[in-house]
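Geometric and topological summary
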Amino acid sequence: MVSDGNILILLLPVAMMALTISSIPVHLDYFRSHAGESGHARLGRHYVAALSWLTLFSLTVLSAALILLPLGFEPLLIAAICLTFLIEKLADEISRALEYRKDFVKWFLVQSLRSGWFVLPIAASMTGADYKQTFIAFSGLILVFMVLTFLRVSGLRPQLSVEGLTLIHKNLVFLFGSFLTAAYLQLPRLFVSKVFPEQAHIYLATAQLCQSVTIVFNVRYQIPYRKLIARRTKRFQQLLWPTMRRLLFPVLSLAFLYLIGAGSVLATVLQKDIWLIALLIPIMIADTLMFALLTAHLGYIQWFADKWSTFSTYLICMGISSMLALTLVSIGLWQTLPLFAVPALTIIMGGTWLLILILRYFRRPFLHD
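Everything numeric in this text was worked out from a predicted model, so none of it was measured. (Residues numbered from 1 in each chain as written. Predicted model: local features only at pLDDT ≥ 70, side-chain atom pairs only at ≥ 80, totals over all residues. Heavy atoms only, no water.)

**Some remarks on the overall build of the protein chain**
Which entries qualify depends on this criterion: We count a stretch as a helix when DSSP gives it H or I for four or more residues in a row; a strand needs E for two or more, and each element gets its number in order from the N terminus. Partly exposed describes any residue whose relative accessible area lies between the buried limit of under 20% and the exposed limit of over 50%, with all areas from a 1.4 Å probe on protein chains only and scaled to the type maximum. Residues are treated as being in contact if the distance between any of their heavy atoms lies within 4.5 Å. Only the protein chains shown count as covering a residue, and every accessible area follows the Shrake-Rupley method with a 1.4 Å probe.
Scanning the protein chain for helices and strands turns up 17 helices and zero strands. The burial tally for the protein chain puts 50% of its 369 residues in the buried class. Sequence-distant contacts in the protein chain: of pairs separated by 6 or more residues, those separated by 24 or more amount to 82%. Of the roughly 17900 Å² that the protein chain leaves accessible, carbon and sulfur atoms contribute 68%.

**Remarks on helix H8 (residues 162-170)**
Cut-off, in case you're wondering: Think of it as the arc spanned by the lines of direction from the helix axis to the C-beta atoms.
All of the buried residues in H8 are Gly164, Leu167 and Ile168. Looking straight down H8, one finds its buried side chains confined to an arc of 100°; they lie on one side. For H8, the exposed residues set more than 90 degrees away from the buried face come down to Val162 and His169. Packing partners of the buried residues in H8 comprise helix H2 (28-32) and helix H3 (40-68).

**Some remarks on the packing of aromatic side chains**
Put simply, the test is: Under the pairing criterion, centres of Phe, Tyr and Trp rings, with the six-membered ring standing for Trp, must be within 6.5 Å; the plane angle then separates stacked pairs below 30 degrees from edge-to-face pairs above 60, leaving the rest tilted.
Counted under the stated rule, the structure contains 14 aromatic pairs. Ring geometry for Tyr184 and Phe291: centres 5.8 Å apart, planes at 25°, overall stacked. In this pair, Tyr184 is assigned in helix H9 (residues 175-195) and Phe291 in helix H14 (residues 273-304), connecting sequence segments 107 residues apart. Both residues of the pair, Tyr184 and Phe291, count as buried. Chaining the aromatic ring pairs together yields one cluster made of Tyr225, Phe236, Tyr300, Phe304, Tyr361 and Phe362.

**A few points about the packing of helix H4 (residues 75-101) against helix H7 (residues 131-154)**
Rules: The angle between two axes is taken between their N-to-C directions and runs from 0 to 180 degrees, where each axis is a line fitted to C-alpha atoms and a helix contributes only its stretch in contact. Angle categories: roughly parallel below 35 degrees, roughly antiparallel above 145, roughly perpendicular from 65 to 115, and oblique for all the rest. Each helix crossing is assigned a hand: it is left-handed if the near helix lies turned anticlockwise from the far helix by less than a right angle, otherwise right-handed if that turn is clockwise. Gly is put with the polar residues, along with every residue not named as nonpolar or charged; the nonpolar set is Ala, Val, Leu, Ile, Met, Phe, Trp, Tyr, Cys and Pro, and the charged set is Asp, Glu, Lys and Arg.
It is at 9 Å that the axes of H4 and H7 come closest, and there the two elements cross at 25°. The angle between the axes of H4 and H7 places the two elements in the roughly parallel class. With respect to the hand of their crossing, H4 and H7 are arranged in left-handed fashion. Residues of the contact of H4 with H7, tallied by class, amount to 19 nonpolar, five polar and three charged.

**Regarding H4**
This is how it is decided: The span one expects for a helix is its residue count, reduced by one, times 1.5 Å.
Taking 1.5 Å as the rise per residue, H4 with 27 residues should run 39 Å; its terminal C-alpha atoms sit 40 Å apart, in good agreement. Taken across its 27 residues, H4 has 22 buried, putting it largely inside the fold. Immediately beyond the C-terminal end of H4, within one or two residues, lies Lys102, with a positive phi of roughly 60°.

**Quick word on the environment of Pro13**
Turning to its location among the elements, Pro13 is positioned in helix H1 (residues 7-21). Residues Pro13 and Pro188, spaced 175 residues apart in sequence, show a C-alpha to C-alpha distance of 9.4 Å.

**Quick look at the packing of H3 against H4**
Here H3 crosses H4 at 160°, and the two axes come no closer than 10 Å. By the angle class used here, H3 and H4 are roughly antiparallel. Judged by the sense of rotation from one axis to the other, the crossing of H3 with H4 is right-handed. Taken together, the residues of H4 that come into contact with H3 (itself represented by Tyr47, Leu51, Leu54, Thr55, Ser58, Leu59, Leu62, Ser63, Leu66 and Ile67) are Ile78, Ile81, Cys82, Phe85, Leu86, Lys89 and Glu93. By residue class, the composition of the contact of H3 with H4 is twelve nonpolar, three polar and two charged.

**Notes on a nonpolar patch on the surface**
Definition in use: Only residues whose relative accessible area exceeds 30% and that take part in no salt bridge are eligible for patches, with like-charged residues grouped when within 9 Å of each other and nonpolar side chains (Val, Leu, Ile, Met, Phe, Trp, Tyr) grouped when within 5 Å. By convention in these notes, a salt bridge is any Lys or Arg side-chain nitrogen within 4 Å of a carboxyl oxygen on Asp or Glu.
A cluster of nonpolar residues, Leu56, Phe57, Leu160 and Leu165, forms a patch on the protein surface that exposes about 340 Å² of accessible area. Structurally, Leu56 is set in helix H3. Judged by its relative accessible area of 40%, Leu56 is partly exposed.

**Some points on the pattern of salt bridges**
Taken as a whole and judged by the stated rule, the model has three salt bridges. Measuring nitrogen to oxygen at the nearest pair gives 2.8 Å for the salt bridge that ties Arg96 to Glu93. Here Arg96 and its partner Glu93 are both found in helix H4, three residues apart, which amounts to about one turn of the helix. For Glu93, a relative accessible area of 7% gives the class buried. One salt-bridge network, held together by shared partners, links Glu88, Asp92 and Arg114.

**A look at the confidence of the model for the protein chain**
For clarity, the threshold we go by: pLDDT is a per-residue confidence score from the predictor, ranging from 0 to 100.
Per-residue confidence for the protein chain gives a mean pLDDT of 80; residues scoring 70 or more make up 88%. Confidence over residues 365-369 falls short of pLDDT 50; this stretch has nine contacts with residues more than four positions distant or in other chains.

**As for the environment of Leu86**
Structurally, Leu86 can be placed in helix H4. Exposure remark for Leu86: the relative accessible area of 15% places this residue in the buried category. As for Leu86 and Leu19, which are separated by 67 residues in sequence, their C-alpha atoms are 8.3 Å apart. Among all residues touching Leu86, those that are not within four sequence positions of it are Thr55, Leu59 and Leu143.

**Details of the side chain of Ser139**
Formally: For the purposes of these results, a polar contact is taken to be a pair of N or O atoms within 3.5 Å, where, inside protein, one atom must be able to donate a hydrogen and its partner to accept one; residues adjacent in sequence count only when each atom of the pair is a side-chain atom.
Tracing the chain through its elements places Ser139 in helix H7. We classify Ser139 as buried; its relative accessible area is 0%. Among the polar contacts listed, one links the side chain of Ser139 to the backbone oxygen of Phe135, at a separation of 2.9 Å. Leaving out residues up to four positions away in the same chain, Ser139 has contacts with Leu83, Ile87 and Trp117.

Written out as structure tokens, the structure reads:
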């Protein structure tokens, strides 16, 4: 729609990957407690201190990586990525607080703002303004708004303390789980932008559109039950599993269907954008559903699983993904991989991770209705 509009192709996957990897769950103890309970205020101070340290560390590492690595990113793009990361980080924490309070009207407004503000620099550029400069200006304004909103909603003030570092260290093992979700969602998009540059806009736009499925899933099955999930995790998963299982069968079936037919279909549709979009939407919806199921279960185990058991689970999942990637590289298949095979392989990989989680932590409801 605008010149330099391809900024979003690089900005969104990088910023969102940084957000996901930085999502160490330092909120667990604070949100397990009740307002008015002894120690609740202290846990709040520890939580916001850990969040402050985590945001500072993440922003420093992200900035250093974008500047020092030979990625070819210009300063304005680096600034835009960092500002977007901070906006998303604060929006996540605001949303979590509103979810636990069941204040869904404000939650919806925050979700609308975090997705809708990207339209503002596009609209400004259509009046003749420079797109990159307006992007920086609007992202700065939205960041200020998110900071003020976080202060008002949480009632907490940013601070740096030793207790915050201790809380990060206590939950550091979950960093590997954050990497799994980041890799699942963002690495395929970066791969497509590199290997299929002509179709990257369509792929990313379709993925963003279909990501609304995750919002619908979370609004229906996760967000209203945050407190219940925190306190009766296994029981909640057992109640929800029949619904999840009914979703899994069509998702995996569609992935195998696309994987088998991807090569023959690809040659006939790549030159026609409308057909490419039409064929991408079903597999991207399936991909988003698998992501929703996977992230739900990765979130469940944070509440009750032993940290070393969780760490070993993450390593097993990473090992399986590494073997798949090495196999594709060693036989040279990644260079000829059809576009439709990317989400299909991602779904199969996610299904394997989900199976590991089920068998290790939720075996009984998996084996018995």
